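If you want the building blocks of each chain, they are given just below.
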Amino acid sequence: MPAMRQPSRLPIRGIRAVALAAIGALVAVACGSSGDPQKAEFVQRVSEQAEERRADQSARALQARSKIEHIVFVLKENRTFDNMFGRFSGADGATTGLLCNGKEIPLQRATDRQPDIGHSFADGLIAVDGGTMRCFDEVELAESLRGYTQYRPAQIPNYWKLAKRYVLADRFFSSVYGPTGPEHLWAISGQSATFVEQERGHQKGEGVPREFCDDLTERAYAFRKLTPEERDEAYRLEEVPDFPTILERFLVEKVPCVNIMTVPDQLEEAGITWKYYRGERNWDVLRMIGHIRFGPMWEKRVPASEFIPDAEADRLPAVSWLIPPIWLSDHPPYSVCAGENWVVRILNALQRSPEWESTAVVIAWDDFGGFYDHAPPPHVDLYGYGPRVPAMIISPWAKRGFVESRVTDFSSVLSFIQTVNELPPLQGRNSRAYNLLNSFDFEQEPLEPLLLKERNCGKVPTGLDKALPIVDTELDDREAELIGRAS
């Protein structure tokens, strides 16, 4: 673990102080404006501009509701923006990276397949290093600088063609420092139910690992209930970073079966159609939500293989979560070429379907996967943001060739779903999230479909039993080591 450093980003109390000072200054201007024409004019102008922005957002929302009838949220895995789009012209990318000793090195040409790299919550904290973004060589399994790699456009040509035609987001951050489990909770609920990890080693229960609500002997690390002072201290320790102390003082083992409000709940209550299309993999986020797992909403969880037939038959729901099989997710050690081909098949089917003109697709990668990225994530709460991940918005109504540079995470995708379907925001970040509407132009001529050809990827694994195993035991050993340090 890198040496402990002083925080390089403003702590919570500092943020609060700055915010209160700014509010106080505005109040002072407003209160003192009655006798000063210039101040009165300033206050009037600010008020008018705020009203114009609200009116513009309302008009955009009305336009979105008139054009968008189907939203598809695709979640791929374990890549950073610099790993995939660091060379994209007009976006905030980098072609070099910093090591923990401060040395700058070029990002080497990525390979189609490579071994897995650590991407746990602790790994995310270490890599971000309080905002320096220079310790990706200290995460687990980072030997040979395997996280300091980058694809050239010719290696992932179809991803680049989509990014050039539609919208590429270059300030989209993972919602949690890592890993996949808490990220996918965030992608349906705007929170992780305080979890920062998925089951590791001894926590995997009595049956098949990661059965969640079906095996109440399973455990995963989560923040316990904290006082305001403890939250501030945990936040400061994340800046250092000092995960062993966080683990010792603030984390507990909790059964990964919860009952929290989700966007699927909102859709169900409003009578709006939805499905969760899930590809084969060794975990399932809806199994973590007790009332979904054991209630009628469980029927909306269907195999990912049903998505294309539903699109072709004009029976897509209003909102779809689409999760690829793990071997087509871009998660190391699986083939990125094969994962890209899966996206091409999905989008080609959508663009040929009768529902294409009323569809918006958001494709995002769920966590950083241990790969380098140079953009420091805002430290908005105890969970993140984590390192930046790629995201694209694909629709006939997407702005052509647009780079979306507003700060976003999975909460923004949920906000987009809620805005289009006239649903209220949920708690926390979701209530403040930007809703992606600036990425659309609902007055333009709809963009023509971009039908792409799948590439020849050679012989690649096509199932869980035929692929190199995703490394997990090493991460389990590391968790045990961290526990030992903390105890």
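Residues numbered from 1 in each chain as written. Predicted model: local features only at pLDDT ≥ 70, side-chain atom pairs only at ≥ 80, totals over all residues. Heavy atoms only, no water.

S.K.: What exactly am I supposed to notice about the packing of aromatic side chains here?
M.R.: To describe a pair of aromatic rings, you give the distance between the ring centres and the angle between the ring planes. Inspection of the entire model under this criterion finds 20 aromatic pairs. Plain terms: the ring middles of F73 and F410 are 6.2 Å apart, the flat faces sit at 55° to each other, and that makes the pair tilted. Of this pair, F73 sits in strand β1 (residues 70-76) while F410 sits in helix α13 (residues 410-420); the two residues are 337 residues apart in sequence, bridging distant segments of the chain. Among the residues examined, F73 registers a relative accessible area of 0% and is labelled buried. The class of F410 is buried, set by a relative accessible area of 0%. Between F81 and F85 the ring centres are 5.9 Å apart and the planes differ by 45°, which places this aromatic pair in the tilted class. Taken together, the residues F81 and F85, both in helix α3 (residues 81-85) and four residues apart, mark about one turn of the helix. The same class applies to F81 as to F85, namely buried. (Phe/Tyr/Trp six-rings, centres within 6.5 Å; stacked < 30°, edge-to-face > 60°. Helix = DSSP H or I, 4+ residues; strand = E, 2+ residues; numbered from the N terminus. Buried < 20%, exposed > 50% of the residue type's maximum accessible area, 1.4 Å probe, protein only.)

S.K.: Sorry, what's going on with the environment of Y434 here?
M.R.: Tracing the backbone shows Y434 in the loop between α14 (429-432) and α15 (473-486). Residue Y434 is classed as buried on the basis of its relative accessible area, which comes to 13%. Contacts of Y434, omitting those with residues within four sequence positions, involve E404, R406, T408, S412, S415 and S439. There is a polar contact of 2.7 Å between the side chain of Y434 and the side chain of E404. Within the local environment of Y434, its side chain forms a polar contact with the backbone nitrogen of N438, the two atoms lying 3.0 Å apart. (Contact = heavy atoms within 4.5 Å. Polar contact = N/O pair within 3.5 Å; in protein donor to acceptor, adjacent residues only side chain to side chain.)

S.K.: Help me understand the side chain of R152, please; the structure alone is not making it clear to me.
M.R.: Tracing the backbone shows R152 in the loop between β5 (149-150) and α5 (157-165). Among buried Asp, Glu, Lys and Arg side chains, R152 stands out as unpaired, with D82 the closest opposite charge at 11 Å. Ignoring anything within four residues of it in the chain, the contact list for R152 reads R87, L107, Q108 and R109. (Lys, Arg positive; Asp, Glu negative; His and termini not counted. Salt bridge = Lys/Arg side-chain N within 4 Å of Asp/Glu carboxyl O.)

S.K.: Teacher, can you tell me more about the pattern of salt bridges here?
M.R.: Here the idea is simple: oppositely charged side chains can pair when their charged atoms come close. Here the structure, examined in full by the defined rule, presents 22 salt bridges. In this structure, the salt-bridge partner of R287 is D214, at a minimum N-O distance of 2.8 Å. With R287 in the loop between β9 (274-278) and α10 (290-293) and D214 in the loop between α6 (180-189) and β7 (220-223), the pair connects residues that are 73 residues apart, well separated along the chain. A relative accessible area of 30% places D214 in the partly exposed class. The shortest N-O distance in the salt bridge between D284 and R278 comes to 3.5 Å.

S.K.: What exactly am I supposed to notice about the side chain of Q155 here?
M.R.: Position of Q155 among the secondary structure elements: in the loop between β5 and α5. Classification of Q155 as buried rests on a relative accessible area of 16%. Reaching out from Q155, the side chain makes a polar contact with the backbone nitrogen of R152 at a distance of 2.8 Å. The contact partners of Q155, leaving out residues within four places of it in the chain, are R109, A110, Q150 and R455.

Purely spatial values, then, with no claim about function.
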